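# Breakdown of the fold
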Amino acid sequence: MTEDTTGAPHEPGSQWYDSEAGPLVRPYAMTGGRTRSGPTGVRFDLITLVTLDPGAPGTDGMVLGPEHRTLIDLCRTETQSVAELAAGADLPVGVVRVLLGDLLELGCVTVSLPVPPAQLPDERILREVIEGLRAL
């Protein structure tokens, strides 16, 4: 270990990490400047569930970044939401969405889109129910 001009210790290979500022790699560098999750256009909500595809090809021969591999490792143990993956990988949600789009296109993961919230019943029906309860 050597010291730099500020007197702070410098470890070899730590050029991308600052002890006070944290990682120095910007999020857009992790996604290659992309902000959308691939040509399929799948929208990953925070509650979208992501599962490692058991029939997926091995990732050994694939050229994946360390962030992709981190997401695969997090999905390996159990199904997780996009929000859980972002927290577990310590990455911004936007970055995780783009990386998950890559993994989905490669066939490494499957996603379960959230069920849309049920529509509220018609006000007329609610009034009839209230009137029926009052009649009891």
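What you see is a predicted model, and the numbers here were worked out from it, not measured in a lab. Each chain carries its own residue numbering, running from 1 in the written order of its sequence. Given that this is a predicted model, residues contribute local features only at a pLDDT of at least 70 and side-chain atom pairs are listed and counted only at 80 or more, while totals for whole chains, interfaces and linings are drawn from all residues. To get the side-chain values, all heavy atoms of the structure are used, and hydrogens and water are removed first.

Attention now goes to the sheet that holds strand β5 (residues 49-52). Strands were regarded as paired on the criterion that DSSP finds at least two bridges between them. Going along the chain from the N terminus, every DSSP run of H or I of four or more residues is numbered as a helix, and every run of E of two or more is numbered as a strand. Ordered by their spatial adjacency, three strands build an open sheet running β6-β5-β7, and the pairing between neighbours is antiparallel. Two strands in the sheet have a free side with no partner beyond their single neighbour: β6 (80-81) and β7 (109-112). The pairing of β5 with β7 spans four bridges and is antiparallel. The partner of Leu49 across the bridge, within β7, is Ser112.

Packing of helix α2 (residues 66-77) against helix α3 (residues 82-89) leaves a shortest axis separation of 10 Å and a crossing angle of 120°. Taken together, the axes of α2 and α3 are oblique relative to one another. Remark: the crossing between α2 and α3 carries right-handed chirality. Contacts between α2 and α3 pair Thr70, Leu71, Leu74 and Cys75 from the former with Leu85, Gly88 and Ala89 from the latter. Side-chain classes follow a simple rule in which Ala, Val, Leu, Ile, Met, Phe, Trp, Tyr, Cys and Pro form the nonpolar group, Asp, Glu, Lys and Arg form the charged group, and the remainder, Gly included, forms the polar group. Among the residues making up the contact of α2 with α3, the classes are represented as five nonpolar, two polar and no charged. Every axis in this analysis is a line fitted to C-alpha atoms, fitted for helices over the stretch in contact. Angles between the N-to-C directions lie between 0 and 180 degrees. Note that the term roughly parallel is reserved for angles under 35 degrees, roughly antiparallel for angles over 145, roughly perpendicular for angles of 65 to 115, and oblique for everything else. By the definition used in this description, the sense in which the near helix is turned from the far one sets the handedness, with an anticlockwise turn below a right angle giving left-handed and a clockwise turn giving right-handed. Any two residues having at least one pair of non-hydrogen atoms within 4.5 Å are treated as being in contact.

Side chains carrying opposite charge are able to pair once their charged atoms draw close together. Whenever a carboxyl oxygen of Asp or Glu lies within 4 Å of a side-chain nitrogen of Lys or Arg, that contact is scored as a salt bridge. Evaluated as defined, the whole model comprises three salt bridges. Residue Asp73 pairs with Arg76 through a salt bridge whose shortest N-O separation is 3.5 Å. In this pair, Asp73 and Arg76 are both assigned in helix α2, three residues apart and thus about one turn of the helix distant. Notably, a salt bridge pairs Glu123 with Arg127, separated by 2.5 Å at the nearest N-O pair. A residue pair is termed a helical-turn pair when its members lie 3 or 4 positions apart in one helix, as Glu123 and Arg127 do in helix α5 (residues 123-135) at four residues.

Grouped together as the largest cluster of nonpolar side chains are 18 residues, with contacts concentrated most on Val50, Leu71, Leu85, Val96, Leu100 and Leu103. Those elements giving two or more residues to this core turn out to be α2, α3 and α4 (93-105). With five residues, the top contributor of residues to this core is α4. The criterion is simple. A nonpolar core is a set of buried Ala, Val, Leu, Ile, Met, Phe, Trp, Tyr and Cys residues joined through side-chain atoms within 4.5 Å. Summary of the burial criterion: residues with accessible area below 20% of their type's maximum are buried, those above 50% are exposed, and those between are partly exposed, where the area comes from a 1.4 Å probe applied to protein chains only.

Bringing a nonpolar patch on the surface into the picture now. Residues with no salt bridge and a relative accessible area higher than 30% make up the patches, which join like charges within 9 Å and nonpolar side chains (Val, Leu, Ile, Met, Phe, Trp, Tyr) within 5 Å. Under the convention used here, a 1.4 Å probe and the Shrake-Rupley method define accessible areas, while residue burial counts only the protein chains that appear. There is a patch of nonpolar side chains on the surface, built from Ile125, Val129, Leu133 and Leu136 and spanning about 450 Å² of accessible area. Note on placement: Leu133 falls in helix α5.

For the rest of this paragraph, the subject is the confidence of the model for the chain. Per residue, pLDDT captures the predictor's confidence, and it can take any value from 0 to 100. In this model, the chain carries a mean pLDDT of 76, and residues with pLDDT of at least 70 account for 61%. In this model, residues 1-16 is a region of pLDDT below 50 whose contacts with residues beyond four sequence positions or in other chains number 14 contacts.

Inspection of the sheet shows β5 paired to β6 by two bridges, in the antiparallel sense. Looking at β6, one finds that Leu49 is bridged to Ser81.

With that settled, consider the side chain of His68. Here His68 lies in helix α2. What makes His68 buried here is its relative accessible area of 10%. Polar contacts here mean pairs of N or O atoms no more than 3.5 Å apart (in protein, one a potential hydrogen donor and the other a potential acceptor; neighbouring residues in sequence count only if both atoms are side-chain atoms). Polar side-chain contacts of His68 include one of 3.0 Å to the side chain of Asp102. Discounting residues that sit within four places of it in the chain, His68 has contacts with Leu99, Asp102 and Leu103.

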